[in-house]
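Next come the chains, spelled out residue by residue.
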Amino acid sequence: IKMYPNHANVDYAWYLKGLVNFNDQYGMFSQITTPDMSDRDPKSTRESFVAFKEVVARIPDSKYAEDAAARMRYLVNAQAQAEVNVARFYFARKAYLASIQRSQTVVRDFQRAPAVEEALYLMARSYDELNLRDLREDAERVLALNYPNSRYLQQLKK
């Protein structure tokens, strides 16, 4: 990539670089543990995303571009879920402000990720624990507006 950035097959090199980082969690015990992308170190996830983005941005008509774009969406969803996992961890340890901050990161930075639903729920629960009723109602209202059939919404109403 560095020596021949204009080579005809540089798209394949970028794609392989993305795959190497994408699959770096697979090791000897991966068949037993079935690793979740959201539980792993985000460094390789970011590197993989950058490599796939190069394929999609630089060579959009590449035969690897469609798969690279799909993997990028997957990685974004995994990063959002990782943030929710941390927010859930903080909530369980009664660190409500930290849980709110992580949840806000998901809502702000990963707006289309499925993890936003749970992030809004954790925000509402954390605001409730901090006796911030107006903010709790705001989070619940956003959850109800965007996810009217949410199981989390039903849990908040209990």
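Here the structure is shown first, and the text comes after it.
For every chain, the first residue of the written sequence is number 1, and numbering continues from 1 onward in sequence order. Confidence filtering applies because this is a predicted model: local features only for residues at pLDDT of at least 70, side-chain atom pairs given and counted only at 80 or more, and all residues used for totals across whole chains, interfaces and linings. Side-chain descriptors were evaluated using all non-hydrogen atoms of the structure, hydrogens and water having been removed beforehand.

1. Describing the packing of helix 1 (residues 10–22) against helix 3 (residues 42–58)
The axes are straight lines fitted to the C-alpha atoms, using for helices just the contacting stretch, and the angles between their N-to-C directions are given from 0 to 180°. In DSSP terms, a helix is any run of H or I states spanning at least four residues, a strand is any run of E spanning at least two, and both are numbered starting from the N terminus. Across the interface, helix 1 lies against helix 3 with an axial gap of 8 Å and an inter-helix angle of 160 degrees. For the element pair helix 1 / helix 3, the angle class is roughly antiparallel. Judged by the twist between their axes, the crossing of helix 1 over helix 3 is left-handed. Counted together, Asp 11, Trp 14, Tyr 15, Lys 17, Gly 18, Leu 19, Asn 21 and Phe 22 of helix 1 and Ser 44, Glu 47, Ser 48, Ala 51, Phe 52, Glu 54, Val 55 and Arg 58 of helix 3 form the full contact between these two elements. The scheme is simple: roughly parallel for angles under 35 degrees, roughly antiparallel for over 145, roughly perpendicular for 65 to 115, oblique for anything else. For a crossing to be left-handed, the near helix must be turned anticlockwise from the far one by less than a right angle; the clockwise case is right-handed. It only takes one pair of heavy atoms within 4.5 Å for two residues to be counted as in contact.

2. Some points on a nonpolar patch on the surface
On the surface, Leu 97, Leu 130, Leu 132 and Leu 135 cluster together into a nonpolar patch covering about 330 Å² of accessible area. You can see Leu 135 is positioned in helix 7 (residues 133–146). Patch membership needs two things, relative accessible area over 30% and no salt bridge, and members are linked within 9 Å if like-charged or within 5 Å if nonpolar (Val, Leu, Ile, Met, Phe, Trp, Tyr). Surface accessibility follows the Shrake-Rupley procedure with a 1.4 Å probe radius. Residue values consider only the protein chains on display as shielding. Salt bridges are defined by distance alone: a side-chain nitrogen of Lys or Arg within 4 Å of a carboxyl oxygen of Asp or Glu.

3. Describing unusual backbone geometry
The backbone of Lys 94 sits at a positive phi, close to 65 degrees, despite the residue not being glycine. Of note, Lys 94 is situated in the loop between helix 4 (65–92) and helix 5 (96–109). Its identity as a non-glycine residue notwithstanding, Asn 131 has a phi of 60 degrees, on the positive side. Relative to the helices and strands, Asn 131 is located in the loop between helix 6 (116–129) and helix 7.

4. Overview of the pattern of salt bridges
Applying the stated rule across the entire model yields 10 salt bridges. A salt bridge links Arg 58 to Glu 54, with the shortest nitrogen-to-oxygen separation between them at 2.4 Å. Separated by 4 residues within a single helix, Arg 58 and Glu 54 lie in helix 3, roughly one turn from each other. Among the ionic pairs, Arg 108 bridges to Asp 109, the shortest N-O distance being 3.1 Å. When salt bridges that share partners are traced, they join Asp 128, Arg 133, Arg 136 and Glu 140 into one network.

5. Brief notes about the packing of aromatic side chains
Note on aromatic pairs: the rings of Phe, Tyr and Trp (six-membered ring only in Trp) are paired at centre separations within 6.5 Å, and the planes decide the class, stacked below 30 degrees, edge-to-face beyond 60, tilted for the rest. In total, this model carries 8 aromatic pairs according to the counting rule given. When the centroid spacing of 5.4 Å and the interplanar angle of 40 degrees are considered together, the rings of Tyr 12 and Tyr 64 count as tilted. Of this pair, Tyr 12 sits in helix 1 while Tyr 64 sits in the loop between helix 3 and helix 4, and the two are 52 residues apart along the sequence. Only protein chains enter the calculation, and the probe is 1.4 Å; a residue is then buried if its accessible area is under 20% of its type maximum, exposed if over 50%, and partly exposed in between. By relative accessible area, Tyr 12 is classed as partly exposed at 37%. With relative accessibility at 17%, the residue Tyr 64 sits in the buried group. Site record: aromatic cluster; members linked through ring pairs are Tyr 12, Tyr 15, Phe 22, Phe 52, Tyr 64 and Tyr 74.

6. Points about helix 7
A helix's residues, less one, multiplied by 1.5 Å, set its expected span. A rise of 1.5 Å per residue sets the reference length of helix 7, with its 14 residues, at 20 Å; its end C-alpha atoms lie 20 Å apart and thus fit the reference within 8%. Along helix 7, the residues that are buried comprise Arg 136, Ala 139, Glu 140 and Leu 143. Buried residues along helix 7 cover an arc of 100 degrees about the axis, so they all sit on one side. Projecting away from the buried face of helix 7 at angles above 90 degrees are the exposed residues Asp 134, Arg 141 and Leu 145. On its buried face, helix 7 sits against helix 6 and helix 8 (151–156). What the arc covers is the set of directions going from the helix axis to the C-beta atoms.

7. Here we look at the nonpolar core
Put simply, a nonpolar core is a bunch of buried Ala, Val, Leu, Ile, Met, Phe, Trp, Tyr and Cys residues held in one set by side-chain atoms that sit within 4.5 Å of each other. Counting 23 residues, the largest nonpolar core has Ala 80, Val 84, Val 106, Tyr 121, Leu 122 and Leu 143 as its most contacted members. Within the residue set of this core, elements represented by two or more residues are helix 4, helix 5, helix 6, helix 7 and helix 8. Looking at this core, the element that brings in the most residues is helix 6, giving 8 residues. Core analysis: the second largest hydrophobic core is formed by 14 residues, Phe 52, Tyr 64, Ala 68 and Leu 75 among them.

Purely geometric numbers; function is a separate question.
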